[in-house]
Amino acid sequence: MIVVTGATGNVGRALVQQLVEAGEQVTALSRRAPAGQLPPGVRHIAANLAQPAAVRPALEGAEALFLLVAGEDPQGLLKEAKAAGVRRVVLLSSQGVGTRPESYEHAASFEAAVAASELEWTVLRSGGLASNAYAWAEPIRAHRTAAAPFGDIGLPFVDPDDVAAVAAAVLREDGHHGATYVLTGPAPTTPRERAVAIAEAIGETVHFEEQTREEAHAQLAAFVPLPVVEGTLAILGTPTPEEQRTSPDVERILGRPAHPFTTWAHRNAAAFR
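Residues numbered from 1 in each chain as written. Predicted model: local features only at pLDDT ≥ 70, side-chain atom pairs only at ≥ 80, totals over all residues. Heavy atoms only, no water.

Engineer: Would you mind going over the environment of serine 109 with me for this structure?
Structural biologist: Note on placement: serine 109 falls in helix 5 (residues 105-115). The class of serine 109 is partly exposed, set by a relative accessible area of 30%. Each C-alpha atom of the pair serine 109 and valine 69 lies 9.1 Å from the other, and the pair is 40 residues apart in sequence. One polar contact links the side chain of serine 109 to the main-chain carbonyl oxygen of histidine 106, over a distance of 2.6 Å. (Helix = DSSP H or I, 4+ residues; strand = E, 2+ residues; numbered from the N terminus. Buried < 20%, exposed > 50% of the residue type's maximum accessible area, 1.4 Å probe, protein only. Polar contact = N/O pair within 3.5 Å; in protein donor to acceptor, adjacent residues only side chain to side chain.)

Dropping the structure here:
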């Protein structure tokens, strides 16, 4: 049995579906009950990762754990996993741990705890997710506008379904112990180009509005901690060559190229109509 934390998120939801399709028994764990119906046979448990003891019922009988960076006690979560008999953990982390560790200390602490856990472990360092474009859903539906800073700076955003597919493979296969994989899309795209891709997907004109750094900072600070805001804006505005480089890890593990942003936009066009 495989436990998926963050099971209602963009990666977790896709991961649950892919594992079920592969014939795995899955327990979906999230803070709230899923808004939509889970695949048949999937058990759901509501628990907060900030409270490791609350996760205990979900881990009973599990062999593998897909873990998000959430809460402040990764050692406690991993202790519960080990006590329950979990032998493999796959952590969804951030590419920023490798490129800007000073801004991603929280995720780095989870990586360190996983590596010291005595479990079989793999770290997935995701680049920016294509699903970040959901932030445009309401303004595109209402006004056919999309706003973002640094409109002409490209980054290889990754499809959450590709992240989920890599996670599914690593959770089910041997040979990934001790590995850290960087997951990106197949090519950099700019915010302006991503707005065009969504416009083409919905068959409507979308006007792109370039935000100032200050406007973007204020918007992000309403949802994420300040160090992550600074790190995110640094990546978006002044990316390093490594952050703009496409990683081969998705194709290496899945045996196919990573999906381009246009694939994600067409698959999720209904959210922007």
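Engineer: Is there a simple way to explain the sheet that holds strand 8 (residues 179-183) in this structure?
Structural biologist: Neighbouring strands of a sheet are bound in pairs by backbone hydrogen bonds; such pairs are parallel or else antiparallel. Taken together, the 7 strands give an open sheet; going across it, the order is 3-2-1-4-5-6-8, and neighbouring strands pair in parallel fashion. The open sheet terminates on both sides in strands that have one partner only, identified here as strand 3 (43-46) and strand 8. Ignoring which end each strand starts from, the neighbouring axes of this sheet average 20° apart. In the sheet, strand 1 (residues 2-5) pairs with strand 2 (residues 26-30) via 4 bridges, with the strands oriented parallel. Residue pairing across strands places threonine 5 opposite leucine 29, the latter belonging to strand 2. The sheet strands contacting helix 1 (residues 10-21) are strand 1, strand 2, strand 4 (64-68) and strand 5 (88-94), and the helix crosses strand 1 at an angle near 160°. (Pairing = 2+ DSSP bridges. Axes fitted to C-alpha atoms, helices over the stretch in contact; angles between N-to-C directions. Contact = heavy atoms within 4.5 Å.)

Engineer: Please explain the packing of helix 1 against helix 7 (residues 160-172) as it appears in this structure.
Structural biologist: For any two helices packed against each other, the geometry comes down to the angle between their axes and how far apart the axes lie. Relative to each other, helix 1 and helix 7 sit at 50°, their axes nearing to 8 Å. When the axis of helix 1 is compared with that of helix 7, the two are oblique. Read as a crossing pair, helix 1 and helix 7 show a hand that is right-handed. When helix 1 is examined against helix 7, the residues Asn10, Val11, Ala14, Leu15, Gln18 and Leu19 are found in contact with a partner set consisting of Pro160, Asp161, Val163, Ala164, Ala165, Ala167, Ala168, Leu171 and Arg172. Here the contact of helix 1 with helix 7 is built from residues that sort into 11 nonpolar, 2 polar and 2 charged. (Parallel < 35°, antiparallel > 145°, perpendicular 65-115°, else oblique. Left-handed = near helix turned anticlockwise from the far one by under 90°. Nonpolar A, V, L, I, M, F, W, Y, C, P; charged D, E, K, R; others polar.)

Engineer: Can you walk me through helix 8 (residues 191-202) in this structure?
Structural biologist: In an α-helix, one turn spans 3.6 residues; hence positions three or four apart end up facing the same way. End to end, helix 8 covers 17 Å across 12 residues, agreeing with the expected 16 Å (1.5 Å per residue, within 8%). Within helix 8, burial applies to Pro191, Arg194, Ala195, Ala197, Ile198, Ala199, Ala201 and Ile202. The inward-facing, buried residues of helix 8 abut helix 6 (137-143), strand 7 (145-149), strand 9 (207-211) and helix 13 (261-267). (Expected span 1.5 Å × (residues − 1).)

In short, geometric facts, not functional conclusions.
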